[in-house]
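The chain contents come next:
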Amino acid sequence: MERGTMMFPALSESVDIDAYAREIMQEVGDRTFCASSPAHARLLDALDVRDGLAPVLHQMARKHLGYQGSLEDQYHIARLVTPGNSTEQYRAHFDSHLFTLVIPLVIPTAADGNEAGELLYRPNARRQPRSELENIAGKAWFKRYANRRRATQLLAQDQFTLESFAERRPLLFAGRTTLHTNRAVSPAASGPRLTLLAHFFDPSPRYGVGNMLRTLRRR
Ligand SMILES: [Fe+2]
């Protein structure tokens, strides 16, 4: 919780990740995002994410983050970025969920300094928001880093860590303090990039908040 992030060991060899990845890629088709497709759900079970990891995170959320919501509040989505997709890049943001697990399945490479969708992230870029208003204000303030120029600047200043996921080690964001963004998957990349994003526990109030706040949150 103090460090804000945690890297897991490489994905287990007892699970045929590549077979799952192929199946999930078919299910996603020509979309960029696809929530809880059948193969995706089976892989989460094979990796013990829902029965093993989620209850541990739930306990941590209750103990350290004052979370009172349910264990079932999870959002599992696959993200498939094809080479040259220019909308999925440099969108620096904080997640709304208390924990996010990035599970890298298919990771392209790109020669000669071309970008291959690498993750840039900065743990503890802000403190844990104590209210919804602080959460939204933080999101708005850090919007200024949602472009290539500022992200590249921060990387050069060692304020971003670059993760290529070449070893396919899942990465966990603990708390809503990690600013993160992806580089482009350039047309020169060796292929598409497929990650599973497992989101746990959204503490934001769903009712009694003005439409304006909800709209802001989605930005
Ligand atoms: Fe995110």
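Identification of the chain as 2OG-Fe(II) oxygenase from Kushneria pakistanensis is taken from an unreviewed UniProt entry.

Take the side chain of asparagine 182 next. Note on placement: asparagine 182 falls in strand β8 (residues 179-182). The class of asparagine 182 is buried, set by a relative accessible area of 14%. Filtering out sequence-adjacent residues up to four positions away, asparagine 182 remains in contact with Arg79, Gln89, Tyr90, Gly117, Glu118, Leu119 and Arg193.

Once that is clear, we can look at the sheet that holds strand β3 (residues 74-81). Spatial strand order, β1-β7-β4-β9-β3-β2: six strands in an open sheet with antiparallel pairing. Only two strands of the sheet have a single neighbouring strand rather than two, namely β1 (5-7) and β2 (33-35). Each strand of the sheet is rotated relative to its neighbour by a mean of 20°, with strand direction disregarded. In this sheet, strand β9 (residues 193-200) lies alongside strand β4 (residues 99-106) in antiparallel orientation, the contact comprising seven bridges. Bridge pairing in β9 links isoleucine 103 to leucine 196. On the sheet, helix α2 (residues 38-46) packs against β2, β3, β4 and β9 and is oriented at approximately 115° with respect to β3.

To continue, consider the nonpolar core. Judged by nonpolar contacts, the single largest core of 32 residues is most densely connected at Ile24, Phe99, Leu101, Leu105 and Phe200. When contributions to this core are tallied by element, the ones reaching two or more residues are α1 (17-28), α2, α3 (49-65), β3, β4, β7 (171-174) and β9. Beyond its immediate sequence surroundings of up to four residues, phenylalanine 200 is in contact with Val49, Leu53, Ala54, Leu57, Asp73, Gln74, His76, His97, Leu98, Phe99 and Leu101.

As a further point, take unusual backbone geometry. The phi dihedral of aspartate 112 falls on the positive side, at around 55°, and the residue is not glycine. Here aspartate 112 shows up in the loop between β4 and β5 (119-122). When its relative accessible area of 77% is taken as the criterion, aspartate 112 is described as exposed. The phi dihedral of phenylalanine 201 falls on the positive side, at around 70°, and the residue is not glycine. Mapped onto the elements of the fold, phenylalanine 201 is located in the loop between β9 and α6 (211-218). Relative accessible area serves as the criterion here: at 0%, phenylalanine 201 is assigned to the buried category.

Let us look at the pairing of β9. Counting buried residues in β9 gives eight out of eight residues, a clear majority hidden from the surface. With eight bridges joining them, β3 and β9 adopt antiparallel strand pairing. Looking at β9, one finds that isoleucine 77 is bridged to leucine 197.

Calculation criteria
Residues numbered from 1 in each chain as written. Predicted model: local features only at pLDDT ≥ 70, side-chain atom pairs only at ≥ 80, totals over all residues. Heavy atoms only, no water. Helix = DSSP H or I, 4+ residues; strand = E, 2+ residues; numbered from the N terminus. Buried < 20%, exposed > 50% of the residue type's maximum accessible area, 1.4 Å probe, protein only. Contact = heavy atoms within 4.5 Å. Pairing = 2+ DSSP bridges. Axes fitted to C-alpha atoms, helices over the stretch in contact; angles between N-to-C directions. Core = buried A, V, L, I, M, F, W, Y, C linked by side-chain atoms within 4.5 Å.

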